[in-house]
Amino acid sequence: MTIAAERKGPRYRHRAAESAPYEKISLDKLTPIIGAEIGGVDLGGPLDNRTLDELHRALAENQVIFFRDQHLTPEQHLGFGRLFGELHVHPAAPHVPGHPELMIIHADKDSWRANGERWHSDVSCDVEPPMGSILYMKTCPPAGGDTLFASMYAAYDALSERMKRYLEGMKALHDGEHVYRGTYANYGIEHKDVYPRAEHPVVRTHPVTGKKALYVNRGFTLRILDIPPDESEGILHYLFDHMENPLFQCRFRWRENSIAFWDNRCVQHRAMWDYWPHTRIGYRVTVRGDKPV
Ligand code: SIN
């Protein structure tokens, strides 16, 4: 068989679900698979129920949504997060004084690390990991500092049927110890005795959409349980490489006062630290989630 004869189209065929029109917000998709920029809404103002319903639907349909030119006080940012659930307090990262739920994302010329440089789903080492994260960017470098987002629905769907069957029922260990210990020492943050760790299904079912998503990530997942260590290493290596295929991704170019709201249950993200020696500062409100099933 020739190479040409073996080609049967793209590696992943995305079938877009039917979507009703939006009436209160505008929506501009970044890719057919993941990401949409939302317009026509001021997140600092009171949001009526229909607008809020449309934002919930836009998040469910696009997995990460973006907003431009938002002018929020810390209280408004926190208040917007609370419309989606109770807020999460990060187990290690620095926060705005007086607001433990407002995490600081900061890198400048003196930093020795920046947040989110490896693909991950936020705090997946928690027993009940966050449902969503709302990052508000206030200082941008002149160029760079983009964030990449990848759809774990698409990554799951694109697996072979044999691989999907193999992964069914498997669990993996997610550990915060190697991620967090010492990581924020330069902010004067003291070590904790223990950091969260949890076992989660390798494939989880989204509680809202009912769709399956891969739920292992380079940042936190140490091993798949109940298989030999070398097999776990091989499978995780394959899955990490697979889920980083650019086919499943969108890339967001920040401007000051932009917001990204991503659903950690079906999205992984990675922040680019390509802007040294410039400064990038944002604030993240994180919404609590359920135990993955
Ligand atoms: C993170 O929340 O992991 C950081 C994302 C970013 O800085 O773009």
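Before going into details, it helps to say that this report is about the structure given with it. Bear in mind that the values here come from a model prediction, so they are computed numbers and not experimental data. (Residues numbered from 1 in each chain as written. Predicted model: local features only at pLDDT ≥ 70, side-chain atom pairs only at ≥ 80, totals over all residues. Heavy atoms only, no water.)

Topic: the site of the ligand
The following threshold applies: Only a single heavy atom is needed: when it lies within 4 Å of a molecule or strand, its residue is near that molecule or strand. Between N or O atoms, a polar contact is any pair within 3.5 Å; within protein, one atom must be a potential hydrogen donor and the other a potential acceptor, and residues adjacent in sequence are included only when both atoms are from side chains. For the area figures, the Shrake-Rupley method with a 1.4 Å probe applies, and any residue is considered shielded solely by the protein chains shown.
Neighbouring the ligand are the residues Ile 105, Gly 116, His 120, Asp 122, Leu 135, Thr 147, Trp 262, His 269, Ala 271, Arg 280 and Arg 284. Between His 120 and the ligand, the recorded distance is 3.0 Å, taken from a side-chain N or O atom to an oxygen atom. At 2.9 Å, a side-chain N or O of His 269 approaches an oxygen atom of the ligand. Taken by itself the ligand offers 260 Å² of open surface, and the protein chains cover 99% of this.

Section: the pairing of strand 16 (residues 280-287)
The test is simple: Exposed residues in this analysis have more than 50% of their type's maximum accessible area, buried residues have under 20%, and partly exposed residues fall in between, with area computed by a 1.4 Å probe over protein chains only. Here a helix means four or more residues in a row that DSSP labels H or I, a strand means two or more in a row labelled E, and each is numbered from the N terminus. Only strands that DSSP links by at least two bridges are regarded as paired with each other.
Taken across its eight residues, strand 16 has seven buried, putting it largely inside the fold. The pairing of strand 5 (residues 99-107) with strand 16 spans six bridges and is classified as antiparallel. The residue of strand 16 that forms the bridge with Ala 107 is Arg 280. Where strand 6 (residues 132-139) lies against strand 16, seven bridges are found, and the strand directions are antiparallel. Among the inter-strand pairings, Ser 133 is bridged to a residue of strand 16, identified as Thr 286.

Describing the side chain of Ser 133
Worth spelling out the cut-off: Contacts are assigned to residue pairs with any non-hydrogen atoms lying within 4.5 Å of each other.
Within the secondary structure, Ser 133 sits in strand 6. Side-chain polar atoms of Ser 133 contact the side chain of Asn 264, separated by 3.0 Å. Setting aside residues up to four positions removed in sequence, Ser 133 forms contacts with Asp 122, Ala 260, Phe 261, Trp 262, Asn 264, Arg 284, Val 285 and Thr 286.

Concerning helix 2 (residues 49-62)
Applicable threshold: Here a helix's expected span is defined as the number of its residues, less one, multiplied by 1.5 Å. As used here, the arc belongs to the directions running from the helix axis to the C-beta atoms.
Spanning 14 residues, helix 2 covers 20 Å between terminal C-alpha atoms, matching the ideal 20 Å at 1.5 Å per step. Inspection of helix 2 places Thr 51, Leu 52, Glu 54, Leu 55, Ala 58, Leu 59 and Asn 62 among the buried residues, and these make up the whole buried set. In an axial view of helix 2, the angular spread of the buried residues amounts to 160°, which keeps them on one side of the axis. Of the residues in helix 2, the exposed ones pointing more than 90 degrees away from the buried face are Asn 49 and Asp 53.

With respect to the sheet that holds strand 9 (residues 197-201)
Hydrogen bonds between backbone groups are what pair the strands of a sheet, and the pairing can be parallel or antiparallel. Defined as follows: Lines are fitted to the C-alpha atoms to define the axes, a helix being fitted only along its stretch in contact, and any angle between axes, read from their N-to-C directions, falls within 0 to 180 degrees.
Spatial ordering of the open sheet is given by 9-8-12, a layout of three strands whose pairing is antiparallel. Of all the strands in the sheet, the pair left with one neighbour each is strand 9 and strand 12 (221-224). Adjacent strand axes in the sheet meet at a mean angle of 25°, parallel and antiparallel pairs treated alike. Bridge count for strand 8 (residues 171-175) against strand 12 is three bridges, and the pairing is antiparallel. Across the sheet, residue Ala 172 finds its bridge partner in strand 12, namely Ile 224.

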